[in-house]
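Analysis of the macromolecular model
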Amino acid sequence: MKAGGKVGVATVAVPDGEAVTVRIEPKMSIARILFLLGYSLSAKGWRHEEVRLGEEPELLSALARLFERQADQALRQGLLQGYRSTEETSLVVRGRIREAEQIRRHHGRLIPLEIAHDEYTSDIAENQLLRAACERLLRLPGGIPGDVRARLLRLRVRLAEITPLGRGQELPVWRPTRLNVRYQNALRLAELVLRGASVEHRPGDITVNGFLFDMAQVFEDFVTVALREALADNGGHCVLQATHYLDERQAIRMLPDFVWYADDGTPLAVADAKYKAEKPGGFPDADLYQMLAYCTALNLPEGHLIYAKGNAPHAAHRVRHARITIHQHALDLDQPPAGLLTEVKALARRLVMVMPV
């Protein structure tokens, strides 16, 4: 059975049978994966020393330890509080009366009242996310060290008054502000945990519970965010997964991973990240056809395919009768973060050198 680019752990439980746990180990170091994950979450705020967890044997245990550290640091000054909009039925006026709801539910009666008000409380999105991530880690199959599990249990006690999220409930939305700065690293990790731990399926009597990352998505997120940061001082703007169309009737939709635009909206460069197994002879030909379509629709003379390093060197293909060159690059993910970011900056300089025809 192939892992399909996934890393993590999953447990399959059958009634009256022994649970089977499958662990998919990454080819690169745990610390390097956490760096890629963390950089895509917060390129400017992520520090390499925060992911020096090479002593952890598995990705799940490393991420659990990292989350617990960040959550504990976030809560050292106490639970963050903020205003939460609340709608409720009450016997007294508080805030404003929801007139339409009052008429619909109570048909002209004076009480009870349908009201809406802002409440200053700790039961806000930020704390709800931390509690949800903590509880999700505690429910996952084995792999979390005992000392980390104990700290997660203490963290859950500190968040005991926060409303838990129900199964299948959408994650609450939070926005970075100066008030929640101390929470931000922990919140990004919480969202990472909750997205990666979404493997929880119950078909009939079989329960599948797990924590998996798609390395293709991890690589794509890192490359696009790192390119955007590298081009930040060159003017224009970058859009990830921008919608474009191949045909004039706009029936064939395209979603290149990365497009860099001039201030007036003119496309300046296009790139696609491809974390996939190579053919014995090099990169897959289908990627070239896809990039050719991007360059044609965006009227660009060059396109860039970016792979995780394998057995093929950099290549450039000049397309016949089209005046389009397609570059294939390979990033070495096994090198230290500073070297990897230097490679991305060199790639960004190549994008800057070429202007559209």
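Above this text is the structure in question.
Everything numeric in this text was worked out from a predicted model, so none of it was measured. (Residues numbered from 1 in each chain as written. Predicted model: local features only at pLDDT ≥ 70, side-chain atom pairs only at ≥ 80, totals over all residues. Heavy atoms only, no water.)

As for the side chain of T224
For clarity, the threshold we go by: The helix count covers DSSP runs of H or I at least four residues long, the strand count covers runs of E at least two residues long, and both are numbered beginning at the N terminus. Distance and chemistry together define a polar contact, namely a pair of N or O atoms within 3.5 Å, with one atom able to donate a hydrogen and the other to accept it when in protein, and with adjacent residues in sequence counting only for side-chain atoms on both sides. Only heavy atoms enter the contact rule, under which two residues are in contact if any of them lie within 4.5 Å.
Among the structural elements, T224 can be located in helix α7 (residues 215-230). Among the polar contacts made by the side chain of T224, one reaches the main-chain carbonyl oxygen of E220 at a distance of 2.9 Å. For T224, the side chain forms a polar contact with the main-chain oxygen of D221, separated by 3.2 Å. Look past the residues within four positions of T224 in its chain and what remains in contact with it is L240, D257 and F258.

Brief notes about the nonpolar core
Stated formally: Here, the term nonpolar core denotes a set of buried Ala, Val, Leu, Ile, Met, Phe, Trp, Tyr and Cys residues that are joined through side-chain atoms within 4.5 Å. The rule is simple: take the accessible area with a 1.4 Å probe, protein chains only, and divide by the maximum for that residue type; under 20% is buried, over 50% is exposed, in between is partly exposed.
Core analysis: the largest hydrophobic core is formed by 75 residues, its most contacted members being F67, L130, L137, L152, F222 and L227. Counting residues per element, this core draws most heavily on helix α2 (residues 59-75), at 10 residues. Aside from chain neighbours lying at most four places away, what touches L152 is F67, E68, C134, L137, L138 and I144. By size, the runner-up hydrophobic cluster in this structure holds 16 residues, among which are V259, L288, A293 and C295.

What to know about helix α5 (residues 146-158)
Note on helix geometry: an α-helix contains 3.6 residues per turn, so any two residues three or four positions apart are oriented the same way. Note the cut-off: By definition here, a helix of n residues has an expected span of 1.5 Å times n minus one. Working definition: the arc comes from the directions between the helix axis and the C-beta atoms, pointing outward to the latter.
For α5, spanning 13 residues, the distance from its first C-alpha to its last is 19 Å, which sits close to the expected 18 Å at 1.5 Å a residue. Turning to α5, its buried residues number three or more, namely V148, L152 and L155. Projected down its long axis, α5 carries its buried residues within an arc of 55°, all on one side. For α5, exposure combined with an orientation more than 90 degrees from the buried face picks out G146, R154 and V157. Tucked into the core, α5 has its buried residues touching α2 and α4 (125-139).

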